[in-house]
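Here is how the chains run, residue by residue.
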Amino acid sequence: MTLMKAAICTRYGPPEVLEVRDVERPKPKDDEVLVRIHASTVNSSDWFIRSGIPNEPARMRWMMKLMIGVRRPRRQILGLIVAGEVVEAGSKVTRFHVGDPVWAFTKFHLGGYAEYTCLREASTVSIAPAGLSFDEVAAITFGGLLALHYLRKGGVKSGMHVLLYGASGGVGTAAVQLAKHLGAEVTAVCGPDNADLVRRLGADHVLDYTKVSTPPGGARYDLVLDTVGKRKTSALRTACEHALRPGGRVLSVDDGTPQFSQRDLAELTGLAERGVLQPVIDRRYPLEQIAEAHRYVEQEHKKGNVVISVIPATTDAGHYQKEASP
Ligand SMILES: NC(=O)c1ccc[n+]([C@@H]2O[C@H](COP(=O)([O-])OP(=O)(O)OC[C@H]3O[C@@H](n4cnc5c(N)ncnc54)[C@H](OP(=O)(O)O)[C@@H]3O)[C@@H](O)[C@H]2O)c1
């Protein structure tokens, strides 16, 4: 039996339920690749799953638990995002070869908090963008996919005025960059420590939700996109939702669970390779400090993304030479 290191979660609960142990390394089936994981991330979804989603309304909580396990996590290795290298390919696999750098949004399969995982060729896995380190690749996956989905849903195009509530988080930092790329005028809402960050990412206007309670000067928006989720709110948020232009809309990242495809990853690859979508990395933790990483992220004030460097960046070379530039 070949062993690997993994963070195991046998019950829902606080960050301490994550325990790093040696477990059996998985073997790929005919239609799977075995990936040596270099990096994963901790996003809101990761700690929601680990905690058993206690703060969601009962109906939503039970729907989610049907997917992730009613009494305990069905998949004991959590971690939604995978960035790594194919080390073995099943006999029916045609899209990938040994040595290929890949990235994946694993949905309920999870598995990112380990040295290895098996991914079905048909799942949301694709060749990773070139020119980025694995840490950077991991950092753009979650926020990039969600931001792309909701900006598309909002029909964002040149000349629109878009208000992004929660512009400094994982989804928010990607949304600022992508909305600017689409030609929108962007107003970013964040806390007092993050104004410079969102300005650097391209925001035209910045509002601090701890100081401002109404959009200034009677500003009006074509789209108000809440990238925080409805648990955290402020007077400013309510005022912005009422400051719409005729035909304007309000969208929240908590409206439904989007499905992502290989095409979405391919679109994100193009944006990342052209430098349109830059990774924003707040902190990196080794796999051994996974509980600490979860503890930090569940405070809900991370700046961009928190990366789990399963293989530390110093040895994270190969296809990827450039280091992160938050
Ligand atoms: N639909 C889905 O399937 C799905 C999947 C995953 C996640 N989500 C949603 O996506 C959201 C964002 O995920 P994420 O990983 O990007 O989260 P995150 O990085 O932790 O971002 C949290 C954001 O919340 C802001 N914030 C914290 N407290 C606030 C307050 N009191 N008022 C206003 N803003 C506040 C933070 O800004 P400051 O630090 O500047 O205050 C930060 O921008 C999650 O909370 C979840 O609800 C939806």
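Above this text sits the structure in question.
Read on for a plain summary of the structure. (Residues numbered from 1 in each chain as written. Predicted model: local features only at pLDDT ≥ 70, side-chain atom pairs only at ≥ 80, totals over all residues. Heavy atoms only, no water.)

1. A short note on the packing of helix α3 (residues 134–153) against helix α7 (residues 262–273)
One way to put it is that α3 packs onto α7 with a least axis distance of 10 Å and a crossing angle of 105°. As summarised for this structure, α3 and α7 are arranged roughly perpendicular, according to the angle between their axes. Between α3, through Ile140, Thr141, Gly144, Leu145, Leu148 and Arg152, and α7, the contact on the second element is made entirely by Asp264, Leu265, Glu267, Leu268, Leu271 and Ala272. Taken together, the residues that form the contact of α3 with α7 break down as seven nonpolar, two polar and three charged. (Axes fitted to C-alpha atoms, helices over the stretch in contact; angles between N-to-C directions. Helix = DSSP H or I, 4+ residues; strand = E, 2+ residues; numbered from the N terminus. Parallel < 35°, antiparallel > 145°, perpendicular 65-115°, else oblique. Contact = heavy atoms within 4.5 Å. Nonpolar A, V, L, I, M, F, W, Y, C, P; charged D, E, K, R; others polar.)

2. Here's the deal with the site of the ligand
The environment of the ligand is made up of 29 residues, and the closest members are Tyr209, Val228, Val253, Asp254 and Lys302. With respect to the ligand, the backbone of Val228 contributes an N or O atom lying 2.6 Å from an oxygen atom. At a separation of 2.5 Å, a nitrogen atom of the ligand approaches a polar backbone atom of Val253. Bound to the protein, the ligand loses 92% of the 940 Å² it would expose on its own. (Near = heavy atom within 4 Å. Polar contact = N/O pair within 3.5 Å; in protein donor to acceptor, adjacent residues only side chain to side chain. Areas by Shrake-Rupley, 256 points an atom, 1.4 Å probe, with all protein chains shown as cover.)

3. With respect to the environment of Val176
Its place among the elements puts Val176 in helix α4 (residues 170–181). Judged by relative accessible area, which is 0%, Val176 ranks as buried. Sequence spacing of Val176 and Ala147 is 29 residues, and the spatial spacing of their C-alpha atoms is 8.7 Å. (Buried < 20%, exposed > 50% of the residue type's maximum accessible area, 1.4 Å probe, protein only.)

Just distances and angles here, no functional claims.
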